[in-house]
Amino acid sequence: MWTGPGWRRGRLCRWCRLSSYSCSCSGISSKVWPVPLKANQAGGVRVGPVKIVRTEVLVVGGGTAGCVAALAAAEEGAKVILVENDAALGGVATRGGIHRYYYGSPGGLQEEIDRRTAEAASVFGGKTKGFHPDAKRVVLAALCREKGIEVYLNSVVYDVIKEETDVAGVRLLTPAGRFEIRAKVTIDSTGNAHLVRMAGGRLRYGRELDGVYHNYSLIPRRVLDGEIGYDNLDAGWVDPYDPWDVSRAFNRGREWVRQGYAEGAHYFALSSMLGVREGGLIEGDATITLEEYIEDRPSPEVICRSYSHLDNHGFDTGNESEFSQLWIAVMGLFVKGLWCDIPYGALLPAGIGNLLVAGRALSVDRDVGMGVRMQKDMHKVGEAAGVAAAMSSRSGRAPRELDRSGLQNRLVERGVLEAEDLKRTHGRNLRFKRGELAGVELGRKNAASYAEQLASYFGTDERWKAVWLLGSSAEALKDSQITLLLEKKLYEGTPEARFCAAITLAMLGREAAVPYLLERIAAKDMNKLSNHPKCVPFWIASFVLLRMLKSTAGVSQAAAAFIEQPGAVNSTFLLDYLSAVCPLLSAGERAEAAVQLRRGYQLVNLERITGCTGTGRNRSAGASG
């Protein structure tokens, strides 16, 4: 039992009351127990000297990627220390409330973790949608103990130790005081690349327009159909680097939960951490570009595969990137699953040595980061980082200097990669499954040669592949015959096929699409390319395409549209279009557009006050504004 300062060995766990050598819930190492701080005579706390600890591999962040990184490094023979600022391991799966896998790819150490979690879940009883979060927390702690990993919980890193450009360890505050942990290799699994920031690395933050990150969640648990489930409530935006904003986000998240409970949702627990979907993205030795992601280009230094859709949780898609507007709102591809290679260089922060990054802070284009962040994929990224760190420590070669083929072969042996992943010459995302192009290997370089066949797919459910291949082809851009073909397709076939021709022309920068787009706007065309709620009707999508073309032809229509109150979401597309093209107008044209917008704004406010429009028509109380 707990007996106070100085008690270190042969004790019982404070949680399960088992001996420290059989306990599997705390995750505290049996080698060192933090000694409580002693109060001085003035009533303050005596911090005492810094304790120096040395290890081979240090993992900071015991969440989705970090736990697996630590376990993998230990299995590869390294002495490992794992530091976590929370009171338990597992991150979003065990503390953030997301206890079900969403997309992601299988393989590697996660298979054993899942198997043991299922076995442990039977002890807890009941049924769970997905995996039991507390069972996984127990299993992760037990595995760390079995592998000889020293775990420091409730410990916060406040500084990085650097030797020239190399990271040599960290300084942290623990319940026992200050520690300095020196390591041959360090892995930043904090999710937000905190160590990279402390080490002076370069990061990119949020979306281009305003720096805002994806929506966060604060997850409540509830019983659904007799099983433990959860509601993934998007609670708003948060800056994960601002402690005041994080505090606000917790309070706001709880307000959402109280509101849900008032509406009849009977929650019985609330997650102890925010579900933060995005932070800074490192600038690495390699970056997964949007084109590489969509086209699934093979990487010669692949360390694992990722599978997900571009899971953008923003409600204001019109404020997102041009690509996100095109992909999600115009083409309706929000749930389209995509494969991609994750290269080793995406784990290596540029200009910093002996540091690896495992988690969603990888070096990726911001839009790619929406997809490369699912739990199963982050498990594999963590495992690859752990194996690389152990190999680096053992060989004496810096992580950046590791033999890539040796690392890849070991990852194949561990099941993180498949042997075929190293032999790929083409991607799988853009392969046609049906029609005359089924089985044909297509890419940007040869797409123009198949323009007629690709255009025939505009009326099928594989239309997006044809649009991307033709619209991003440099050869198609040079070929006037392809432009004539697409102009012809604007008025042939189904409404969906016609609009795909317009999208392709806009991607190629061809203004031939403008008259057709203005017709869609004038007709208030409500057709869509998908029934997904994030997909907008053609008349709104036309403004996105006009923006891509930098065409001012729709300015008066966009300004007039506000009078009809198109809704908050649709308004973001209109405003984004106007903000992009109004600088191209003359001073007089801008003044005229401003008058129209002002008139629309005044009419909207009049309606809110009087309950009617300027023409006297009644509106329902539920109308959007």
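Since the model is a prediction, treat every value here as computed from it, not as a measurement.

Cut-off values and rules
Residues numbered from 1 in each chain as written. Predicted model: local features only at pLDDT ≥ 70, side-chain atom pairs only at ≥ 80, totals over all residues. Heavy atoms only, no water. Helix = DSSP H or I, 4+ residues; strand = E, 2+ residues; numbered from the N terminus. Buried < 20%, exposed > 50% of the residue type's maximum accessible area, 1.4 Å probe, protein only. Contact = heavy atoms within 4.5 Å. Areas by Shrake-Rupley, 256 points an atom, 1.4 Å probe, with all protein chains shown as cover. pLDDT = per-residue confidence, 0-100. Phe/Tyr/Trp six-rings, centres within 6.5 Å; stacked < 30°, edge-to-face > 60°. Lys NZ or Arg CZ within 6 Å of the ring centre and 35° of its normal. Arc of directions from axis to C-beta. Pairing = 2+ DSSP bridges. Axes fitted to C-alpha atoms, helices over the stretch in contact; angles between N-to-C directions. Expected span 1.5 Å × (residues − 1). Polar contact = N/O pair within 3.5 Å; in protein donor to acceptor, adjacent residues only side chain to side chain. Parallel < 35°, antiparallel > 145°, perpendicular 65-115°, else oblique. Left-handed = near helix turned anticlockwise from the far one by under 90°. Core = buried A, V, L, I, M, F, W, Y, C linked by side-chain atoms within 4.5 Å. Salt bridge = Lys/Arg side-chain N within 4 Å of Asp/Glu carboxyl O.

Some details on the overall build of the chain
Okay, step 1: Looking only at helices and strands, one finds 20 helices and 16 strands in the chain.
Okay, step 2: Looking at the 625 residues of the chain, the share that counts as buried comes to 55%.
Okay, step 3: Within the chain, contacts between residues at least 6 apart in sequence are counted, and of these 69% link residues at least 24 apart.
Okay, step 4: Accessible surface for the chain amounts to roughly 26600 Å². Of this, 52% is attributable to carbon and sulfur atoms.

Focus: the confidence of the model for the chain
Okay, step 1: Of the residues in the chain, 88% have a pLDDT of 70 or more, and the chain-wide mean is 88.
Okay, step 2: This model gives residues 1–45 a pLDDT under 50, and the stretch forms 81 contacts once residues within four places in sequence are excluded.

Notes on unusual backbone geometry
Okay, step 1: Located in the positive-phi region is A193, a residue other than glycine, with phi close to 55°.
Okay, step 2: By the secondary structure assignment, A193 is in the loop between strand 6 (177–188) and helix 4 (194–198).
Okay, step 3: With a relative accessible area of 0%, A193 lands in the buried category.
Okay, step 4: Notably, D225 is not glycine yet its phi reads approximately 55°, a positive angle.
Okay, step 5: Tracing the chain through its elements places D225 in the loop between strand 9 (220–224) and strand 10 (227–230).

Brief notes about the packing of aromatic side chains
Okay, step 1: In the structure shown here, the tally under the stated rule is 15 aromatic pairs.
Okay, step 2: In textbook terms, an aromatic cluster arises when at least three aromatic residues are bridged by ring pairs, as seen for Y102, Y103, Y307 and W339.
Okay, step 3: Taking NZ or CZ as reference, K465 lies 5.8 Å from the ring centre of F432, over its face.
Okay, step 4: Above the face of the W539 ring, K524 is positioned so that its terminal group lies 4.8 Å from the ring centre.

Structural notes on helix 14 (residues 480–489)
Okay, step 1: All buried positions along helix 14 are accounted for by I482, T483, L485, L486 and K489. Buried residues along helix 14 cover an arc of 160° about the axis, so they all sit on one side. Exposed side of helix 14, more than 90 degrees from the buried face: Q481 and K488 are the residues found there.
Okay, step 2: On its buried face, helix 14 sits against helix 11 (451–455), helix 12 (463–471), helix 13 (474–478) and helix 15 (495–507).

With respect to the sheet that holds strand 12 (residues 267–270)
Okay, step 1: One open sheet holds the three strands; their spatial order is 10-9-12, and the pairing between them is antiparallel. Of all the strands in the sheet, just strand 10 and strand 12 have a single pairing partner and so form its edges. With direction set aside, neighbouring strand axes in the sheet form an average angle of 35°.
Okay, step 2: Pairing geometry for strand 9 and strand 12, over three bridges, is antiparallel. Along strand 12, the bridge assignment pairs R221 with A269.
Okay, step 3: Lying on the sheet, helix 5 (residues 243–262) is in contact with strand 9 and strand 12; it crosses strand 12 at an angle near 175°.

Notes on helix 2 (residues 110–124)
Since one α-helical turn is 3.6 residues long, residues separated by three or four positions face the same way.
Okay, step 1: With 15 residues, helix 2 should reach 21 Å at 1.5 Å per residue; the first-to-last C-alpha distance of 21 Å fits that figure.
Okay, step 2: Taken together, the buried positions of helix 2 are occupied by Q110, I113, R116, T117, A120 and A121.
Okay, step 3: On its buried side, helix 2 packs onto helix 1 (64–75), helix 3 (133–146) and helix 8 (375–395).
Okay, step 4: With its phi angle positive at about 80°, G125 sits one or two positions after the end of helix 2.

Re the side chain of H99
Okay, step 1: Mapped onto the elements, H99 comes out in the loop between strand 2 (80–83) and helix 2.
Okay, step 2: A polar atom in the side chain of H99 sits 3.0 Å from the backbone oxygen of K129.
Okay, step 3: Excluding residues that lie within four positions of it along the chain, H99 makes contacts with A93, T128, K129, G130, F131, P133, I228, G229 and Y230.

Things to note about the environment of R145
Okay, step 1: Along the chain, R145 turns up in helix 3.
Okay, step 2: Overall, the relative accessible area of 30% leaves R145 in the partly exposed class.
Okay, step 3: Distance from R145 to L71, taken between C-alpha atoms, is 9.8 Å for residues 74 residues apart in sequence.

Re the packing of helix 7 (residues 322–330) against helix 17 (residues 538–548)
Okay, step 1: For the pair helix 7 and helix 17, interaxial distance at closest approach is 10 Å and the crossing angle is 155°. The angle between the axes of helix 7 and helix 17 places the two elements in the roughly antiparallel class. Read as a crossing pair, helix 7 and helix 17 show a hand that is left-handed. Contacts from E322, Q325, L326 and V330 of helix 7 reach helix 17 at A541, V544, L545, R547 and M548.

Brief notes about the pairing of strand 5 (residues 166–174)
Okay, step 1: Sheet topology places strand 4 (residues 156–163) next to strand 5; seven bridges connect them, and they run antiparallel. Bridge pairing in strand 5 places K162 opposite V167.
Okay, step 2: Hairpin connection between strand 4 and strand 5: a loop of two residues separates the two successive antiparallel strands, and E164 in this loop has a positive phi of roughly 60°.
Okay, step 3: Counting the residues between successive antiparallel strands, the hairpin from strand 5 to strand 6 contains two residues.

Quick look at the side chain of Q375
Okay, step 1: Mapped onto the elements of the fold, Q375 is located in helix 8.
Okay, step 2: One polar contact links the side chain of Q375 to the main-chain carbonyl oxygen of I98, over a distance of 3.0 Å.
Okay, step 3: Contact partners of Q375, with chain neighbours within four places excluded, come to T64, V92, A93, I98, R100, Y101, F131 and K136.

Considerations on the nonpolar core
Okay, step 1: Counting residues in each nonpolar core, the largest one holds 135 residues, and the members touching the most others are F458, F499 and L545.
Okay, step 2: Residue contacts for F499: discarding those within four places in its chain leaves V330, Y516, L517, R520, L529, F538, A541, S542 and L545.
Okay, step 3: Ranked by size, the runner-up nonpolar core spans 26 residues in total, among them F179, L195, Y241 and I352.

Some remarks on the pattern of salt bridges
Okay, step 1: The tally for this structure, following the rule as stated, stands at 48 salt bridges.
Okay, step 2: Of the charged contacts in the structure, one is a salt bridge between E119 and R115, with a shortest N-O distance of 3.1 Å. On the criterion of helical spacing, the pair formed by E119 and R115 is a turn pair, its members being four residues apart in helix 2.
Okay, step 3: As a salt-bridge pair, R520 and E519 come within 3.8 Å of each other at their nearest N and O atoms.

A short note on the pairing of strand 9
Okay, step 1: The sheet contact formed by strand 9 and strand 10 spans four bridges and is antiparallel. By the bridge assignment, V223 is partnered in strand 10 with I228.
Okay, step 2: The hairpin formed by strand 9 and strand 10 contains two residues between the paired strands, and D225 there has a positive phi angle of roughly 55°.

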